[in-house]
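# Overview (structure and organization)
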Amino acid sequence: MKILNDLNEQQKTAVKFNTAPHMIVAGAGSGKTRVLTYKIAYLIENGFQPSSILALTFTNKAAKEMKDRIIQLVGKKAHEIWMGTFHSIFARILRAEAKKIGYEENFSIYDREDSVALVNSCLQGLNISIDSLNASKIQSRISYLKNQMISAEEYSKHIATDLIEKKVAEVYLEYNKRLKENNSMDFDDLLLKPIDLFTNHQRILSKYRGQFKYILVDEYQDTNKAQYELLKHLTTTRIKICVVGDDAQSIYGWRGAEIKNMLNFEKDFAKAETFRLEQNYRSTGNILKAADSIIKNNSGQIRKTLWTENNDGEQLSVLRCTDEKDEAYLIAKRIKKEITSRKISLNEIAILYRMNSQSRALEEALRREKIPYKIIGGVEFYRRKEVKDIVGYLRVIANQDDEESLLRIMNYPQRGIGNTSISKMIDFSRKLDIPLFTTMLRVFEVIEVKERIQKNVKQFKLFLDKYINLKNELSLLELTSALVDELGILRMYKEENSQESMQRYDNVQELLSGIAEFSKTNPNATIHDFLADVSLITGLDQYSDVENSVTLMTIHASKGLEFPLVFITGCEEDIFPLNQRFDSNSQIEEERRLFYVALTRAEKKVFISYARSRYRFGEVAYQSKSRFIEELDPATVHELNKGNTRKGGRRRKAFYDELYQEDFDEFNQERRSFRVGSRVTHDMFGIGKVLKITGTGDNQKVTIAFEEKGTKTLLLKFANIRLAS
């Protein structure tokens, strides 16, 4: 095949082999995506039907880019490949087989925000209060248990022993019950339900084993127990399997990923072969040597030796800083210097950090120096309130049992149906064991609800019925455009005419444009197809390097990306590595792999910064240099400033004074988004609108007009308010 001429010898060997289960250990920057892409093209050219190939990735972006490249190589027949993320592929199978496991094919998919809202509703319904755990933490616990394939029943009967665990178990059981009643699944269910399906329906399993002749898995080191079980269910001696990954980049143990899936591949699959891709095309020699000097300290790994034909390049530079403000200042100044001396663009620079809270000082410094930047992992487009509101309408139109979406839109835009009335309706539906949507039809039986509000509920029900009946008569774009127009959402934002409202106006317009584009690309797509697509979009799927700005992101979010110039910040003990995680040696090894990932994002130059003190937990903490800096090969690194960072005198002090003194670990980026006119929510006082903000730092106060509790002035640091969504 001519296309193999584009590959090196190691890559060619891996692409051409297909006689047994095999694992391709692909070091950072070794052309992993190229090999996977060319292997699929090679299979098609050698007689495999595209529809018999199942290719599983970890991001929609990766799947789309690979499929587009395969189409270039072998033509339009590549459209027939089953390619996508684990979640999207198995959601597709679940929709086709939903009735076999007691669901309707129009089931909703809950993202994390929806799941947290449902957990909160369960807590209220069960009248449970857990002092040390909020809804978000309980949802994270439930998600972790699902990833470990521990059912609510098993957890309740055999694992939950103390009082808190027993309460979590009670919520877990109720949460699953409510999901089923809502004809909804959360993200974790998209992996667990297919296992139930295949385990209990042998004919269905045989159907898909007959469908797939070749299974390929990208980023195998990030698979969890459920994903591993799915692969074992689908794989037989007749079905070939190829997995690709890098154990040195296994960084998701905290959410259930199991590196042992990769380390034990040869034991798990009979007669398995292993191929290594060791030539790096991305980084300089010095960066590779530095990365190797880090990762060799881990005992649990597949040994490999990365090499490159690139030149050695510059040494890594270490910036010793006085505190986090000094760190931010030095990085901002260094960026200005580098773009001038290297003639590079801002979008070729990334600032990486271990925790989101580290971005605060960095953002302040970049704004001060007028350096454009974007944050990856901030509020994603489809998670923004105004977008989720409209998507909420579409979800109810598609699935009337989706109670969480119905509650979201019940009084948006405001139609005089308050929280008290909604609570009475929920009580009625629970008592009669009927859906909330049905309760709306019988609202006149809910005698606790005032007659005026009953009429409002009836009008809202008629409004929804109208669009439910229209969903099969109008195109998706026509339906959504008519819905938005009748609701008057765009008009409402335009009349408010604030900076925030106009941004929301633009986002609604962008949503309509996105629906138009989706409809053009998928001319036969239904409302269910669009909602499934939206539910599975992640932050990285929306990453773009077109905008000329510096990229700020966590190291986890940076995986799979590359930049000519990389800053790795906050390299201190307790931060990177994050010491509280070290219950075992495996966890410090994962932190070390994370540092390896950070280093190997860089093509030409790396700056590593650490501070001698940092404002944390309300006071100054004195920091120790990260052990990872000490582990670097001394020949690959040098320290730039030896800590002489106070030469800026008054000018730098003035710069520092403008940076907020906020709690480092408790910093919430939403807090910085509050402005006069923002709609916010408070656990006790409910929904309100910000009237006034005064003071700075720890003394900042906010005055809010709450819909049901009147006007309150709160100290922002302790108020625990969030942007309404």
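Everything numeric in this text was worked out from a predicted model, so none of it was measured. Here, residues in each chain are numbered from 1, in the same order as that chain's written sequence. Predicted model: local features are reported for residues with pLDDT of at least 70 only, side-chain atom pairs are reported and counted for 80 or more only, and whole-chain, interface and lining totals are derived from all residues. Neither water nor hydrogens contribute to the side-chain values; these are computed over all heavy atoms in the structure.

Within the protein, the regular secondary structure consists of 30 helices and 22 strands. Expressed as lengths along the three principal axes of its C-alpha atoms, the size of the protein is roughly 80 × 75 × 55 Å. Think of it in three bands: residues with accessible area under 20% of the maximum for their type are buried, residues over 50% are exposed, and the middle band is partly exposed, with areas taken using a 1.4 Å probe on protein chains only. Across the 725 residues of the protein, 57% fall into the buried class. Surface accessibility of the protein: about 32,300 Å² in total, with carbon and sulfur atoms responsible for 47%. On the protein, the mean spot of the 111 positive side-chain charges and the mean spot of the 101 negative ones are 2 Å from each other. The helix and strand labels rest on DSSP assignments: H or I over at least four residues marks a helix, E over at least two residues marks a strand, and numbering proceeds from the N terminus. To be clear on the numbers: accessible area is Shrake-Rupley with a 1.4 Å probe, and residue cover counts the displayed protein chains and nothing else. Under the convention used here, Asp and Glu are negative, Lys and Arg are positive, and both His and the chain ends fall outside the count. A charged residue contributes its charge at one atom only: NZ of Lys, CZ of Arg, CG of Asp or CD of Glu.

Domain boundaries shown here were taken from an automatic or database domain assignment. Examined at the domain level, the protein breaks down into domain 1 (2-98 + 192-279), domain 2 (108-182), domain 3 (316-380 + 544-639), domain 4 (381-536) and domain 5 (678-723). For domain 2 versus domain 5, the separation of C-alpha centres amounts to 29 Å.

With that out of the way, let us pick up the nonpolar core. For the purposes of this section, nonpolar cores are sets of buried Ala, Val, Leu, Ile, Met, Phe, Trp, Tyr and Cys residues that join through side-chain atoms within 4.5 Å. Among the nonpolar cores identified, the biggest contains 52 residues, and Leu406, Met410, Met440, Leu464 and Phe530 are the most heavily contacted of them. No other element matches the eight residues that helix α17 (residues 385-398) contributes to this core. A contact between two residues is defined here by any heavy atoms of the two lying within 4.5 Å. Leaving out residues up to four positions away in the same chain, Phe530 has contacts with Tyr382, Leu394, Leu476, Leu511, Ile515 and Phe518.

On to the packing of aromatic side chains, then. Put simply, two rings from Phe, Tyr or Trp (the six-membered ring, in Trp's case) pair if the centres are within 6.5 Å, and we call them stacked under 30 degrees between planes, edge-to-face over 60, tilted for the rest. One pass over the full model with this rule turns up 22 aromatic pairs. Between Tyr220 and Phe265, the aromatic rings sit 5.9 Å apart at their centres with planes inclined by 85 degrees, giving edge-to-face as the arrangement. Taken together, the residues span a long stretch of sequence, with Tyr220 in the loop between β6 (214-217) and α11 (225-234) and Phe265 in helix α13 (residues 265-268) at a distance of 45 residues. Each member of the pair Tyr220 and Phe265 is classed as buried. Measuring from centroid to centroid gives 4.9 Å for Phe567 and Phe607, while their planes differ by 15 degrees, and the two rings are stacked. You can see Phe567 sitting in strand β13 (residues 563-568) and its partner Phe607 sitting in strand β14 (residues 602-611), a full 40 residues away along the chain. Pair check on accessibility: Phe567 and Phe607 agree, each one buried.

Another point: unusual backbone geometry. Among all residues except glycine, the phi angle is most often negative; among peptide bonds, the trans geometry is most common. A cis amide bond links Tyr412 with the next residue in sequence, Pro413, at an omega value of -10 degrees. Structurally, Pro413 is set in the loop between α18 (403-409) and α19 (419-432). Following Phe576, the chain continues into Pro577 via a peptide bond in cis, with omega recorded as 15 degrees. Within the secondary structure layout, Pro577 lies in the loop between β13 and α27 (585-599). A positive phi angle, close to 60 degrees, is found at Met149, a residue other than glycine. In this fold, Met149 is placed in the loop between α6 (135-147) and α7 (152-159). Of note, the phi angle at Asp433 is positive, near 55 degrees, even though the residue is not glycine. Overall, Asp433 belongs to the exposed group, its relative accessible area being 61%.

A separate point is the pairing of strand β20 (residues 701-706). When DSSP finds two or more bridges between a pair of strands, those strands are recorded as paired. Where strand β19 (residues 686-694) meets β20, six bridges bridge the pair, whose relative direction is antiparallel. Note on β20: the bridge partner recorded for Lys689 is Ala705. Across six bridges, β20 lies against strand β21 (residues 710-715) in antiparallel orientation. Looking across to β21, one finds that Phe706 is bridged to Gly710.

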